[in-house]
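# Structural overview for review
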Amino acid sequence: MEAARRPPVLLRLLLPLLAAALGAAGRGDPGPVTCGSVVKLLNVRHNVRLHSHDVRYGSGSGQQSVTGVSAADDGNSYWRVRGRTAAVCQRGTPVRCGQAIRLTHLGTGRNLHSHRFTSPLSGNQEVSAFGEAGEGDYLDDWTVVCSGTYWAREDEVRFQHTSTDVFLSVTGEQYGRPIHGQKEVHGMAASSQNNYWKVMEGIFMQPSEALQMEQYHAEL
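In this text, all values refer to a predicted model and were calculated from it rather than measured experimentally.

### Structural notes on the state of the cysteines
Throughout the structure, instances matching the rule amount to 2 disulfides. Each sulfur of the disulfide joining Cys35 and Cys89 lies 1.9 Å from the other. Note on the Cys35 and Cys89 pair: the S-S dihedral is about 85 degrees, so by sign convention the disulfide is right-handed. With Cys35 in the loop between helix 1 (11-27) and strand 2 (38-43) and Cys89 in the loop between strand 5 (79-83) and strand 6 (100-105), this pair connects stretches of sequence that are 54 residues apart. One disulfide in the model links Cys97 with Cys146; its S-S distance is 2.0 Å. Its S-S torsion of approximately -115 degrees makes the covalent link between Cys97 and Cys146 left-handed.

Following this line, the structure appears as structure tokens:
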């Protein structure tokens, strides 16, 4: 893999949103995951968080790599929950089971993505981060697979790629340099314990805070 430096794309844009939502995070109220929320996602079986960084794959697509990391405090593991490509999901709107969403990497502004390239370690389907400033293409869409009406924060869920049907997965393969110790994240055709994820740390937008943000931007 070859590393490249790029400045954070979404961090500056999301600072007002994060500030407005801090109150909700501090309360720790149970409830659904909502559009506009910024979360870390834990692969339950392998105990790693979904992660990305400006390091590109040295094979396959050559796009930005997506991995799993064990450190809970890594700032490159935050993802913003958004509506599917070309659709709007209002901030604070609960995400329904069966709904297609995008997960946008907070630090680089690229979307969780998959396509029919082979992953470098396991030979499964490659998962990458793609796009610029949060805009990529239809291969950025993932369906939230869960059993209730809404994606609940405490539930274990799966993410199924809407175009190729693979599940976002980790099976334990580990990279060497330059990202030593990080686990491969890939797409698998079969449903298994390797593709269950759970929301951990995060800042969750509430409908009331969403309204405040709309008013805030209207006054600027």
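After presenting the structure, the write-up continues.
### Side note on unusual backbone geometry
A cis amide bond links Arg177 with the next residue in sequence, Pro178, at an omega value of 0 degrees. With respect to the secondary-structure elements, Pro178 resides in the loop between strand 11 (167-174) and strand 12 (183-188). Backbone geometry at Asp165 places phi at a positive 75 degrees, although glycine is not the residue there. Structurally, the position occupied by Asp165 is in the loop between strand 10 (156-161) and strand 11.

### Focus on the nonpolar core
In terms of nonpolar packing, the biggest core is built from 31 residues, with Leu41, Leu50, Val66, Leu112, Trp151, Phe159 and Leu168 touching the most fellow members. If one sorts the elements of this core by residue count, strand 3 (residues 48-56) sits on top with 3 residues. Discounting chain neighbours no more than four positions away, the residues touching Leu41 are Val48, Arg49, Leu50, Leu103, Trp151, Phe159, Trp197, Lys198 and Val199.

### Examining the pairing of strand 5
As a general feature of sheets, a regular strand has side chains that alternate between the two faces. Burial runs high along strand 5: 5 of the 5 residues are buried. Inspection of the sheet shows strand 2 paired to strand 5 by 2 bridges, in the antiparallel sense. Note on strand 5: the bridge partner recorded for Val39 is Trp79.

### Description of the packing of aromatic side chains
Within this structure, the stated rule accounts for 1 aromatic pair. Residue placement shows Lys40 over the ring face of Tyr78; its charged tip is 4.6 Å from the ring centre. The ring of Phe204 carries Arg153 above its face, with NZ or CZ at 3.9 Å from the centroid.

### Re the environment of Gly31
Topologically, Gly31 is positioned in the loop between helix 1 and strand 2. Each C-alpha atom of the pair Gly31 and Phe204 lies 9.4 Å from the other, and the pair is 173 residues apart in sequence.

### A look at the side chain of Ser128
Tracing the backbone through its elements, the reader meets Ser128 in strand 8 (residues 125-130). In this structure, Ser128 is in contact with Tyr57, Gln63, Gln64, Val66, Asn111, Leu112, His113 and His115, ignoring residues within four places of it in sequence.

Thresholds, definitions, all that
- Residues numbered from 1 in each chain as written.
- Predicted model: local features only at pLDDT ≥ 70, side-chain atom pairs only at ≥ 80, totals over all residues.
- Heavy atoms only, no water.
- Disulfide = S-S within 2.5 Å.
- Helix = DSSP H or I, 4+ residues; strand = E, 2+ residues; numbered from the N terminus.
- Core = buried A, V, L, I, M, F, W, Y, C linked by side-chain atoms within 4.5 Å.
- Buried < 20%, exposed > 50% of the residue type's maximum accessible area, 1.4 Å probe, protein only.
- Contact = heavy atoms within 4.5 Å.
- Pairing = 2+ DSSP bridges.
- Phe/Tyr/Trp six-rings, centres within 6.5 Å; stacked < 30°, edge-to-face > 60°.
- Lys NZ or Arg CZ within 6 Å of the ring centre and 35° of its normal.

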